[in-house]
Amino acid sequence: MAASKQHSVIPRREKAYICVAQPRKDMFFLFVRKFTSILGMVDAVPVLGNFSEVSEFRLLGFSEISHLHPLLFVVLLSLYILTLMANTVIALTMNGDNTLHSPMYFFLTQLSCLDICYLSVIIPNILENLMVGTIGISKARCATQMFFFLFFGVTECFLLAAMSLDRYVAICCPLHYTIVMNSRVCKSLVAGTYICGTAVGLVHTIITFNLPFYGFAINHFFCEIQPLLDLLCGNTFPSEIQVIVVAVFAILCPFLLIIYSYSRIISTILLMSSAENQQKAFSTCSSHLLVVILFYGTASSMYLRSKYTYSASVDKFLSLSYSVVTLLLNPTIYSLRNEEVKRALRKKMEKY
């Protein structure tokens, strides 16, 4: 009786320690088993449920500014509809105009489709949260949301790198452009971006949701990585290292390729004798470079930092910038700064 009474007053920190001290299966074995289950080799449903009694999470959203929910709902819904319309128009215009079937516009079409999907993973959840307040989300749905968030985000990182490679070949090797960037190469590059996105999304989601959670309240408006780390039982340092390693692969690797491509592009442009050719070359790259700065700037500020510098309010603001504002600006940047796209859009509007 005395022992049970003493156990009931264990502080929260000691409870976390006890949770970690409980025997668990080897994480590598779990990862292999879960990965093989995706290939249909074994049934891994029991594996997901072994490490946590938490079966549902609560998304707190913008609970600290509940009085602004109606205004935020109207603003975000308007931005969401506007972004969907802009990206859809850009994708249909590039796909339907024969003059816009070059590799650059093929990649832009893919980017617009990715932006639509990426936005649709997050915004409906935010709108629901703003309508009804704190909402419940099952563990399976939370894992699915995290996977698609990572999948589309990482795919876009590598797609931006593929687009920089396209600009590099177009400016630095113009005579070989049509041979190097043929239809097969472009499709292979896009397929590679989706493979990288799938791999990162699967690995990250599987490892994260096989860890034990002791809390269920996520201080965010969707299942983001950093808020989930706060709910892990015990020492979260290995999980933070995992996030940073994935971020280095998914953010820094393609970013370094972009930096290399643009260093070669700029050096080639500066060697051009004609000022007109220089201006034309810069104009074809400036839109992509601006999108890269916006996308990678917010992404790196979110994921390339320690949990100890994490702030829920700052993270929510960065997530909104990363997932809404940037994706809204993409079609605007590419349409307003590209004469061929503007010409194709005017042609489409004249038909209607």
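It should be emphasised that the depicted structure is a prediction, and the values quoted were computed from it without experimental measurement.

K.L.:
I keep staring at the overall build of the chain and nothing clicks. Help me out?
P.N.:
Helices and strands together make up the secondary structure of the chain, namely 14 helices and 3 strands. The buried share of the chain, reckoned over its 352 residues, is 46%. The long-range fraction of contacts in the chain, counting pairs at least 24 apart against all pairs at least 6 apart in sequence, stands at 80%. Working note: accessible area of the chain is about 17900 Å², and carbon and sulfur atoms make up 68% of it.

K.L.:
Any chance you could explain the environment of Val325 here in plain terms?
P.N.:
Here Val325 is to be found in helix α13 (residues 312–336). Since its relative accessible area comes to 41%, Val325 is described here as partly exposed.

K.L.:
What should I look at first to understand the side chain of Asp166 in this one?
P.N.:
Note that Asp166 resides in helix α7 (residues 139–172). Taking the relative accessible area as the measure of exposure, Asp166 reaches 1% and is therefore buried.

K.L.:
Got a minute to help me understand the environment of Ala344 in this structure?
P.N.:
Its place among the elements puts Ala344 in helix α14 (residues 339–351). The spacing of Ala344 and Met94 is 250 residues in sequence and 7.9 Å in space, taken between C-alpha atoms. Dropping the residues within four chain positions of it, Ala344 is found in contact with Thr93, Asp97 and Leu100.

K.L.:
Looking at this structure, how should I read the environment of Val246?
P.N.:
Mapped onto the elements, Val246 comes out in helix α11 (residues 237–270). Dropping the residues within four chain positions of it, Val246 is found in contact with Val200 and His204.

K.L.:
Got a minute to help me understand the packing of aromatic side chains in this structure?
P.N.:
Any pair of aromatic rings gets described here by the distance separating the centres and the angle formed by the planes. All chains considered together, the criterion is met by 11 aromatic pairs. Ring geometry for Phe147 against Phe151: centres 5.9 Å apart, planes inclined by 10°, an arrangement best described as stacked. Residue Phe147 and its partner Phe151 are located together in helix α7, separated by 4 residues, close to a single helical turn. Of the two residues, Phe147 and Phe151, both sit in the buried class. What links up through ring pairs into an aromatic cluster is the set Phe147, Phe148, Phe151, Phe152 and Tyr194.

K.L.:
How should the sheet that holds strand β3 (residues 217–218) be read in this particular structure?
P.N.:
What links the strands of a sheet is backbone hydrogen bonding, and the strands pair in either a parallel or an antiparallel sense. A sheet is described by the order of its strands in space; here 3 strands give the open sequence β2-β1-β3, paired in mixed fashion. Among the strands making up the open sheet, the edge pair consists of β2 (135–138) and β3. Judged from the 4 bridges that link them, strand β1 (residues 56–59) and β2 form a sheet pairing that is antiparallel. Counterpart to Leu59 in the pairing with β2 is Ile135. Strands β1 and β2 of the sheet are contacted by helix α6 (residues 103–132), whose axis makes an angle of about 140° with β2. Helix-sheet contacts for α7 involve β1, β2 and β3, and the interaxial angle to β2 is about 85°.

K.L.:
Looking at this structure, how should I read the state of the cysteines?
P.N.:
By definition, a disulfide links two cysteine residues through a covalent bond between their sulfur atoms. One pass over the full model with this rule turns up 1 disulfide. A sulfur-sulfur separation of 1.9 Å characterises the disulfide bridge that pairs Cys142 with Cys223. When the S-S torsion is -125°, as for the bridge of Cys142 with Cys223, the disulfide is left-handed. You can see Cys142 sitting in helix α7 and its partner Cys223 sitting in the loop between β3 and α10 (225–229), a full 81 residues away along the chain. Judged by its relative accessible area of 0%, Cys142 falls in the buried class.

K.L.:
Would you mind showing me how to read the nonpolar core here?
P.N.:
For soluble globular proteins, nonpolar side chains are generally found buried alongside one another. Ranked by internal contacts, the top residues of the largest apolar core, which has 83 residues, are Phe57, Ile126, Leu160 and Leu228. Broken down by element, the residue count for this core peaks at 18 residues, all from α7. Those residues in contact with Phe57 that sit more than four places away from it in its chain are Ile135, Gly136, Ile137, Lys139, Cys142, Phe209, Phe213, Gly215, Phe216, Ile218, Leu228 and Leu231. By size, the runner-up hydrophobic cluster in this structure holds 5 residues, among which are Val154, Val200, Val246 and Ala250.

K.L.:
Mind showing me how you'd approach the confidence of the model for the chain here?
P.N.:
For any part of a model where pLDDT is low, the fine detail of the predicted coordinates should not be relied upon. With 80% of its residues at a pLDDT of 70 or more, the chain shows a mean pLDDT of 76. A low-confidence stretch, residues 1–52 (pLDDT under 50), is modelled with 51 contacts involving residues beyond four sequence positions or located in other chains.

K.L.:
Looking at this structure, how should I read the pattern of salt bridges?
P.N.:
Pairs may arise between side chains of opposite charge once their charged atoms sit close together. Taken as a whole and assessed by the stated rule, the structure comprises 2 salt bridges. Measuring nitrogen to oxygen at the nearest pair gives 3.7 Å for the salt bridge that ties Glu128 to Arg141. Of the two residues, Glu128 sits in helix α6 while Arg141 sits in helix α7, which places them 13 residues apart along the sequence. You can call Glu128 partly exposed: its relative accessible area is 32%. Owing to a relative accessible area of 39%, Arg141 belongs among the partly exposed residues under this scheme.

K.L.:
Before we go on, may I ask you to explain α6 in this structure?
P.N.:
An ideal rise of 1.5 Å per residue puts 44 Å on 30 residues; α6 measures up with 45 Å between its terminal C-alpha atoms. Of all the bends in α6, the largest measures some 35° and sits at Ser120, one to four residues before the proline Pro124. The element α6 is extensively covered by neighbouring structure, given that 21 of its 30 residues are classed as buried. Positive phi shows up at Gly133, right after α6, with a value of about 85°.

Reading the values: rules and limits
- Residues numbered from 1 in each chain as written.
- Predicted model: local features only at pLDDT ≥ 70, side-chain atom pairs only at ≥ 80, totals over all residues.
- Heavy atoms only, no water.
- Helix = DSSP H or I, 4+ residues; strand = E, 2+ residues; numbered from the N terminus.
- Buried < 20%, exposed > 50% of the residue type's maximum accessible area, 1.4 Å probe, protein only.
- Contact = heavy atoms within 4.5 Å.
- Areas by Shrake-Rupley, 256 points an atom, 1.4 Å probe, with all protein chains shown as cover.
- Phe/Tyr/Trp six-rings, centres within 6.5 Å; stacked < 30°, edge-to-face > 60°.
- Pairing = 2+ DSSP bridges.
- Axes fitted to C-alpha atoms, helices over the stretch in contact; angles between N-to-C directions.
- Disulfide = S-S within 2.5 Å.
- Core = buried A, V, L, I, M, F, W, Y, C linked by side-chain atoms within 4.5 Å.
- pLDDT = per-residue confidence, 0-100.
- Salt bridge = Lys/Arg side-chain N within 4 Å of Asp/Glu carboxyl O.
- Expected span 1.5 Å × (residues − 1).
- Bend = angle between axes of the 7 residues up to and from the residue.

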